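# Survey of secondary and tertiary structure
The residues making up each chain are set out below.
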Amino acid sequence: MSTTGPAVREGEYGDRVAAVEPGGLEFIPLKERHGRPLDLLWTWMSPNLEFATVFLGVLAVAAFGLSFWQAALAAVVGTGLGALAHGVLSARGPSAGVPQMVLGRVPFGFWGNLLPSAFNTVAAGIGWFAVNSVSGALALNTLTGLPGWACLVIVVAVMVALGFFGHNLVQAFERYAFPVLALIFLIAAAVILGKADLGYAGTGGGTGGFLLAVGATFGYAAGWNPYAADYTRYLPPGSSRRAVGLSAGLGVFVSCVVLEVVGAASATIGGDALGQPTTAFTGHLPGLVANLTLLAIALGAISANALNVYSGAMSLLALGVRLPLTLRRAIVALACGVAGFLVALSGLEDAGHKYEAFLLIIAYWIGPWLGVVLADRYLRRDRDIERLLFDSRHVNWAGPIAMVAGVVLSVWLFSNQERYVGLVPARVPEVGDIAFEVGFVISAVVYAALRPLRR
């Protein structure tokens, strides 16, 4: 492909819910546009009303040694940064009319964009899909007593079906799931906060523990950033950018912070919060509320993975997967679901520690990616980007070079994980893990400095 004009999505779809979305990455025709910016509140609240979000707060107290109030502050800071970026990226979707990974071709070049697309294919379609499938399966296992693998099959089947049908069914599911999830989790939150020791002093996590918690909560919120325009590209091009950005950003921020704070509070009560996280959390609740919460955890996991499998398919298509079919996006979504299921099977054991490592690794690549994307947006001011989105001759090596520099240098210097400790925290443990902040800054500065390579 070498055309500089937009590739327009074929087929008729409109606002039909019970229909398979045609096409893949192409520009959404103006006659197909529908929806309101306010709808994004439900789109982004429902996927975060799940146990993976709760467990972030648990980690801050039980694993990183923070007090309750330190954990709450870390949740606000880390989630706030990720939600702010999410709002900025979402606001671009209505005018561009293409998915987020296609927009990435501007700062990375047509072929250089394969780098972040590959990262996001693995992170979204397989990594996040597996994480949420495990939490949903564990909840269903506790609720029903069915074998873990059988519960995994059930939740994955529903998740893949939603992603297979596509955008409109995903949006409708999130809208109707929201009131159910919100009501159950609010009741659970009231019980947990009533029992919690809000004056809990922690176990001395200090600055290092705080920065780990900020990195983990940022990694979770910013994990949605590479999907941002996927769910705003169907909005009319005249939609208010401010309304789009606020609705998407607030949807992520409010849902994440509330459940992360509840998770931190639950960890002050006791129980095997890291070894049996789902059981420990619901064990603090009375019988009926506990069962309803387990049901909500499974439903929330499905809400999250409807987005993961859909956007994972988008990223896989951005890698250049060629399927000459109107259903290519749906077929790729099915493939992502199968791969994610196989990874999830291996994650049913020791889910807590695997999730902790995954969250920090997510932040390691998203920070540098964001640095490149936001630096380019500032420098370019959205001028003349349409001709670059589908032009295979468009080259911009500044993006891949800056991103690789940010990832490598930040991890080498500041990573603080069980399997690898960077040079700085190895000598000054109090520094903690600031790899995502450093990676963002390095990539943004390098991208701006590589003016001769920018196109």
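Up top is the structure these notes are about.
Residues numbered from 1 in each chain as written. Predicted model: local features only at pLDDT ≥ 70, side-chain atom pairs only at ≥ 80, totals over all residues. Heavy atoms only, no water.

### Here's the deal with helix 18 (residues 435-449)
Put simply, the rule reads: Secondary structure elements are taken from DSSP: a helix is a run of H or I of four residues or more, a strand is a run of E of two residues or more, and numbering for both begins at the N terminus. Here, expected helix span is obtained from the residue count minus one, scaled by 1.5 Å. Only protein chains enter the accessibility calculation, which uses a 1.4 Å probe; a residue whose area is less than 20% of its type maximum is buried, one above 50% is exposed, and one in between is partly exposed.
Between its terminal C-alpha atoms helix 18 stretches 21 Å, which fits the 21 Å expected from 15 residues at 1.5 Å a residue. Where helix 18 is concerned, the buried positions are Ala435, Phe436, Val438, Gly439, Ile442, Ser443, Ala444 and Tyr447.

### Points about the environment of Ala248
How we decide: It only takes one pair of heavy atoms within 4.5 Å for two residues to be counted as in contact.
Here Ala248 is to be found in helix 11 (residues 241-267). The exposure class of Ala248 is buried, given its relative accessible area of 0%. Residues Ala248 and Thr43 lie 205 residues apart in sequence; the distance between their C-alpha atoms is 7.9 Å. Setting aside residues no more than four positions away along its own chain, Ala248 makes contact with Leu40, Trp44, His86 and Ser90.

### What about the packing of aromatic side chains?
The geometry of an aromatic ring pair comes down to the distance between the two centres and the angle between the two planes. Convention followed: Aromatic rings from Phe, Tyr and Trp, taking only the six-membered ring of Trp, are treated as a pair when their centres fall within 6.5 Å; an angle between ring planes under 30 degrees marks them as stacked, one over 60 as edge-to-face, and anything in between as tilted.
All told, the structure shown has 13 aromatic pairs when counted by the stated rule. Ring geometry for Phe68 and Trp69: centres 4.9 Å apart, planes at 75 degrees, overall edge-to-face. Ring geometry for Tyr231 against Tyr310: centres 5.5 Å apart, planes inclined by 45 degrees, an arrangement best described as tilted. One end of the pair, Tyr231, is in the loop between helix 10 (206-222) and helix 11; the other, Tyr310, is in helix 13 (residues 287-318), and 79 residues separate them in sequence. Here the two residues Tyr231 and Tyr310 agree in accessibility, since each one is buried.

### Focus on the nonpolar core
Spelled out, the test is: By nonpolar core is meant a set of buried Ala, Val, Leu, Ile, Met, Phe, Trp, Tyr and Cys residues that side-chain atoms within 4.5 Å join together.
One finds Trp44, Val98, Phe185, Trp224 and Trp369 to be the most contacted residues of the largest nonpolar core, which totals 120 residues. Apart from residues lying up to four places away in sequence, Trp369 is in contact with Leu89, Gln100, Met101, Phe108, Pro116, Asn225, Pro226 and Met403. Counting residues in each nonpolar core, the second largest holds 7 residues, with Leu211, Tyr364, Ala435 and Val438 among its members.

### A look at a nonpolar patch on the surface
Put simply, the rule reads: Any residue with relative accessible area above 30% and no salt bridge may belong to a patch, with like charges joined within 9 Å and the nonpolar Val, Leu, Ile, Met, Phe, Trp and Tyr side chains within 5 Å. Surface accessibility in these figures is a Shrake-Rupley result with a 1.4 Å probe; residues are shielded only by whichever protein chains are displayed. The salt bridge definition used is simple: a Lys or Arg side-chain nitrogen within 4 Å of an Asp or Glu carboxyl oxygen.
Residues Leu143, Leu288, Leu292 and Leu295 make up a contiguous nonpolar surface patch of roughly 350 Å² in combined accessible area. Tallying contributions element by element places helix 13 first for the nonpolar patch, with 3 residues. Here Leu292 is to be found in helix 13.

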